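Architecture at a glance
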Number of protein chains: 2
Amino acid sequence: MEKRNTKQKSLVRKIVRDLNTHACAEEIYNRVIKVNPRISLATVYRILHEMVDTNELREVANGSGATVFDPTVHPHYHIQCIKCNQLFDIDLPYHENLDKEIREKTSFSILSHDLTFKGVCARCTPKN
Amino acid sequence: MEKRNTKQKSLVRKIVRDLNTHACAEEIYNRVIKVNPRISLATVYRILHEMVDTNELREVANGSGATVFDPTVHPHYHIQCIKCNQLFDIDLPYHENLDKEIREKTSFSILSHDLTFKGVCARCTPKN
DNA sequence: ATTTATGCAAACTATTTGCATTGCC
DNA sequence: GGCAATGCAAATAGTTTGCATAAAT
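Residues numbered from 1 in each chain as written. Chains lettered and ligands numbered in written order. Predicted model: local features only at pLDDT ≥ 70, side-chain atom pairs only at ≥ 80, totals over all residues. Heavy atoms only, no water.

**Side note on the protein's contact with DNA strand C**
So the rule is basically this: The rule for a residue being near a molecule or strand is that one of its heavy atoms must lie within 4 Å of it. Under this definition, polar contacts are N or O atom pairs within 3.5 Å; protein pairs additionally need one hydrogen-donor-capable and one acceptor-capable atom, and for neighbouring residues in sequence, both atoms have to be side-chain atoms. Here a strand is any run of E in DSSP of at least two residues, a helix any run of H or I of at least four, and the numbering for each starts at the N terminus.
With respect to spatial proximity, 23 residues lie near DNA strand C, and among them Arg4, Tyr45 and His49 of chain A together with Thr6 and Gln8 of chain B are the closest. Near the protein, meaning within 4 Å, the atoms of DNA strand C are sugar or phosphate in a fraction of 68%, with bases accounting for the rest. In this structure, a sugar or linking oxygen belonging to DNA strand C sits 2.8 Å away from a side-chain N or O atom of glutamine 8 of chain B. Only helix H3 (41–53) of chain A together with helix H1 (7–18) and helix H3 (41–53) of chain B provide two or more residues apiece to the surface near DNA strand C. When residues of the surface near DNA strand C are assigned to their parent elements, the largest contribution, 5 residues, is made by H3 of chain A.

**As for the protein's contact with DNA strand D**
Applied cut-off: Asp, Glu, Lys and Arg are counted as charged, while Ala, Val, Leu, Ile, Met, Phe, Trp, Tyr, Cys and Pro are counted as nonpolar; the rest, among them Gly, fall into the polar class.
If you check the shell around DNA strand D, you find 24 residues, and the closest are Thr6 and Thr43 of chain A together with Arg4, Tyr45 and His49 of chain B. For DNA strand D, a phosphate oxygen lies 2.8 Å from a polar atom in the side chain of threonine 6 of chain A. Within the side chain of lysine 9 of chain A, a nitrogen or oxygen atom sits 3.0 Å from a phosphate oxygen of DNA strand D. Looking at the surface near DNA strand D, the element that brings in the most residues is H3 of chain B, giving 5 residues. Taken together, the residues of the surface near DNA strand D sort by class into 8 nonpolar, 7 polar and 9 charged.

**Overview of the sheet that holds strand S1 (residues 23–24) of chain A**
Applied cut-off: Pairing between strands is defined by DSSP: at least two bridges between the two strands are required.
Reading across from one edge, S1-S3-S2 (chain A) is the order of the 3 strands in this open sheet, with antiparallel pairing throughout. Every other strand in the sheet has two partners, leaving S1 and strand S2 (58–61) of chain A as the edge strands with one partner each.

**A short note on the interface of chain A and chain B**
Note the following rule: Residue contacts are counted whenever heavy atoms from the two residues lie within 4.5 Å of one another. By definition, the buried area sums, over both parts, the 1.4 Å-probe accessible area that each loses when the two are put together.
Counting residues at the interface gives 34 residues for chain A, matched by 34 residues for chain B. Between chain A and chain B, the buried area comes to about 2700 Å², and carbon and sulfur atoms account for 68% of it. It is Phe108, Phe117 and Lys118 of chain A that lose the most area in chain A upon contact with chain B, and together they represent 22% of the buried surface on that side. Of all the elements in the fold, those that place two or more residues in the side of chain A that touches chain B are strand S4 (77–81), strand S5 (87–90), helix H4 (96–103) and strand S6 (109–120) of chain A. Element by element, the count of residues in the side of chain A that touches chain B is highest for S6 of chain A, at 12 residues. Partitioned by chemical class, the residues of the side of chain A that touches chain B number 17 nonpolar, 11 polar and 6 charged.

**Re the side chain of threonine 116 of chain A**
Relative to the assigned elements, threonine 116 of chain A resides in strand S6. Setting aside anything within four residues of it in sequence, one finds threonine 116 of chain A in contact with His78, Gln80 and Leu87 of chain A together with Ser112, His113 and Asp114 of chain B.

**Some remarks on the pattern of salt bridges**
All names here are of chain A. Here is the rule: Each reported salt bridge corresponds to a side-chain nitrogen of Lys or Arg within 4 Å of a carboxyl oxygen of Asp or Glu. Note on exposure labels: buried denotes an accessible area under 20% of the residue type's maximum, exposed denotes more than 50%, and partly exposed covers the range between, all computed with a 1.4 Å probe on protein chains only.
If you walk through the whole model with that rule in mind, you get 9 salt bridges over all chains. Ionic pairing is found between arginine 13 and glutamate 56, a salt bridge with its closest N-O pair at 2.9 Å. Within this pair, whereas arginine 13 is found in helix H1 (residues 7–18), its partner glutamate 56 is found in the loop between H3 and S2, the two being separated by 43 residues in sequence. Judged by relative accessible area, which is 32%, glutamate 56 ranks as partly exposed.

Shown next, in the form of structure tokens:
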């Protein structure tokens, strides 16, 4: 199962690297077809999944249906606005102690944890 | 918009109360139709959402497509097996300090956080 | 009697897949 | 040349919606 480099792959990789936020497959696809209008959505999905498998990209459930992709792959936390559903990275160190805390309480072998704060973002906060 | 009590609603409520785990809409529907085979899936969805709105039920994204419903509504954490995807409640007190920690770092108004541990459950751990 | 809730089928959204064809290595 | 990757369209999964009818208040 040798992997080949194609123009589609390099294009999607470039678009993903240039993302400064999270984006869903459709959004990435839209940026991609601005450069190469002949690439298909199925191909974009296939490449994104390959990147997730090789740890070039992270997949994050955004709670409301769609999956979003996060170009930041090292462990980090998220914060999501409960009004507009936008998801942001948050600058808080990964709390290893939480994993340790759980290891003593369960028969699971714990690998990691996902932490997402919920709140209302500045833009969605009514000003008066 | 007055709410009415129907046999469908009481049945779904009973089934949900008797759940001792998380279950997706389809699973709840399957239990429901064992008692009343004439109830439709759309109705089950409508009732489940109503229960989520009234805080009788919690909705949890299980990461892999389907949404699962959790009859435990007070704040609590989850642990999910990365092999079988099953989601369990976990017995760890809610860490209020995490919300506090974030409040100082962001322009969001923080309400709460979701914490899900990832690992391999006992059943999916190969024994030798 | 009024008006919400239901059942059904169709619509929809996000994603995946089969397959013939293209194009890397 | 051979086999992986692509494009397309169709299939799938989960969920939602429109509308005529049934049932709760």
